[in-house]
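Spelled out from the first residue to the last, the chains are:
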Amino acid sequence: MKGVILEAGAVSTGDVPWSPVTDIMPFKIYDNTTEENKYDHIQDDTEFVLTNKVKMDEALFQHFPKIKYIGVCATGYNVVDLAAARDHGITVTNVPAYSTESVMQLTLAFILSLASGVPEHVKDVNAGGWTRSDKFCYWLTPIMELSGKTLGIFGYGNIGKRVAEAAMVFGMNVLVHTAHPDKYLKDRIPGRLIFTDADTLYAQADIITYHCPLNSKTEHIINKENISKMKDGVIIINVSRGGLVNEADLKEALLSSKVWKAGLDVVEEEPMRKDNPLLGIDNIYITPHIAWASIEARTRLVNTIADNIKGFINGRPVNVVN
């Protein structure tokens with residue numbers, strides 16, 4: 001058996017060992033792989049491929065017919081053509097729910113930072129703003145108290161549920177829109193946690209956070225039409241998938257103050273392009289896709305990848321997505 005890890009550097013910079021995986025079988029490890037060099041990094045006798053963002057498609061399967069297992073080192077698996085993999089007898093696995101706590105944490109960090117204006121005030125103090133002030137205090141932007149405000153959560157999987165729980169600790173009321181509300185009848189709290197349609201969520205929420213997959217129904221769901229349905233001065237947070245956002249429409253809404261502030265951990269094309277329309281806007285905070293990246297979450301990720309491989313080898317595959 002022989003394997004390759006295509007994007008090891010996206011999971012660990014040396015702080016999380018790959019030994020749970022490499023102890024199973026020999027793996028050729030690449031810090032990074034692109035669409036341009038993926039055919040150079042996979043060998044003719046490679047059977048096991050671990051990928052994150054590198055696409056696995058029909059052409060690749062035909063070129064490397066010995067591949068029998070693809071382990072996606074993430075929860076989302078849209079980088080793999082599942083039908084083509086199935087036709088070639090290739091098993092595809094993912095790693096579900098490993099980063100729930102970490103993504104919830106960054107979501108709350110965005111909510112708190114955006115509501116309290118932390119980054120802009122820290123920046124101003126470091127630039128000497130407080131030393132030039134003739135008052136003992138000042139604020140550059142309105143500061144929002146979360147208690148009593150309404151948080152809209154678009155998507156209610158593991159992450160959305162944890163965000164709702166955390167928000168209620170701060171005294172927020174929660175509106176949830178999900179494709180399958182009947183699954184969560186026990187979660188409803190009258191007056192505190194309410195399941196509703198998308199338009200009601202848009203109209204009533206002070207802050208909207210997205211925790212849904214990217215598919216044909218959600219692509220560019222944060223767009224001019226839907227933003228127009230939201231409250232003036234709404235806050236928008238997306239730590240899910242960059243493709244949920246029409247970036248030109250969001251830029252327009254930020255510049256007009258229809259959207260007061262936004263927090264994004266993802267953009268449509270990653271790494272971020274120099275001409276991304278959201279760069280250089282003062283009322284948006286953007287982090288480089290780090291919501292999932294705590295040491296604890298990445299350790300769980302590697303351990304689950306190893307368990308997935310062992311399950312496949314032993315004839316009891318787990319976390320199979322095709």
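Small disclaimer: the values here were computed from a predicted structure and weren't measured.

Time to look at the pattern of salt bridges. Two side chains that carry opposite charge are able to pair once their charged atoms sit near each other. Enumeration according to the criterion identifies 15 salt bridges in this entry. Close ionic contact of Asp187 with Lys161 constitutes a salt bridge, the shortest N to O distance being 3.6 Å. One end of the pair, Asp187, is in the loop between strand E7 (173–177) and strand E8 (193–195); the other, Lys161, is in helix H7 (residues 158–169), with 26 residues separating them in the sequence. For Lys231, the salt bridge goes to Asp206, with nearest N and O atoms at 2.9 Å. Here the residue Lys231 occupies a position in the loop between helix H9 (224–228) and strand E10 (234–238), and Asp206 occupies one in the loop between helix H8 (198–204) and strand E9 (207–210), the gap between them amounting to 25 residues. On the basis of relative accessibility, which here comes to 30%, the residue Lys231 falls in the partly exposed class. Salt bridges here are not isolated pairs; linked through shared partners, they connect Glu101, Arg162 and Glu165.

A few words now on the pairing of E10. In summary, the side chains of a regular strand alternate between the two faces of the sheet. Counted residue by residue, E10 has five buried out of five residues, so it is predominantly covered. Sheet topology note: the E9/E10 ladder contains four bridges and is parallel. Of the residues in E10, the one forming a bridge with Ile207 is Ile235. Sheet analysis places E10 next to strand E11 (residues 259–264), joined by five bridges and oriented parallel.

When you line up the elements, Thr141 lands in the loop between helix H6 (118–126) and strand E6 (150–154). Spatially, the C-alpha atom of Thr141 lies 8.5 Å from that of Glu120, the residues being 21 residues apart in sequence. Contact partners of Thr141, with chain neighbours within four places excluded, come to Gly117, Glu120, His121, Trp260 and Lys261.

Okay, unusual backbone geometry next. Residue Pro271 is reached from Glu270 by a cis peptide bond, and omega for that bond is 0°. By secondary structure assignment, the location of Pro271 is in the loop between E11 and strand E12 (284–286). For Ala97, which is not a glycine, the phi torsion comes out positive at approximately 60°. With respect to the helices and strands, the residue Ala97 is situated in the loop between strand E5 (91–93) and helix H5 (100–116). In this structure Ala97 comes out as partly exposed when scored by relative accessible area, which is 43%.

We now examine a nonpolar patch on the surface. Among the surface-exposed residues, Leu112, Val169 and Phe170 lie close enough to one another that they form a single nonpolar patch of about 280 Å² accessible area. In this structure, Leu112 sits in helix H5.

Within soluble globular proteins, side chains that are nonpolar tend to cluster in buried spots. Counting 30 residues, the largest nonpolar core has Leu151, Val174, Leu193, Ile207 and Ile237 as the members making the most contacts within it. It is H5 that provides the largest number of residues to this core, a total of eight residues. Setting aside anything within four residues of it in sequence, one finds Leu193 in contact with Tyr156, Ala164, Met168, Val174, Val176, Asp187 and Arg188.

Okay, the pairing of E6 next. In terms of residue burial, E6 counts as a mostly covered element, since five of its five residues are buried. Residue alternation in E6 divides its side chains into two sets, Thr150, Gly152 and Phe154 and Leu151 and Ile153, and both sets are buried. Where E6 meets E7, five bridges bridge the pair, whose relative direction is parallel. Among the inter-strand pairings, Ile153 is bridged to a residue of E7, identified as Val176. Following the chain from E6 across H7 to the adjacent parallel E7, one finds a crossover that is right-handed. Bridging between E6 and E9 involves four bridges; their strand directions are parallel. Bridged to Leu151 within E9 is Ile207.

Basis of the calculations
- Residues numbered from 1 in each chain as written.
- Predicted model: local features only at pLDDT ≥ 70, side-chain atom pairs only at ≥ 80, totals over all residues.
- Heavy atoms only, no water.
- Salt bridge = Lys/Arg side-chain N within 4 Å of Asp/Glu carboxyl O.
- Helix = DSSP H or I, 4+ residues; strand = E, 2+ residues; numbered from the N terminus.
- Buried < 20%, exposed > 50% of the residue type's maximum accessible area, 1.4 Å probe, protein only.
- Pairing = 2+ DSSP bridges.
- Contact = heavy atoms within 4.5 Å.
- Patch = residues over 30% accessible without salt bridge, like charges linked within 9 Å, V, L, I, M, F, W, Y side chains within 5 Å.
- Areas by Shrake-Rupley, 256 points an atom, 1.4 Å probe, with all protein chains shown as cover.
- Core = buried A, V, L, I, M, F, W, Y, C linked by side-chain atoms within 4.5 Å.
- Right-handed = clockwise from strand over helix to strand, strands pointing away.

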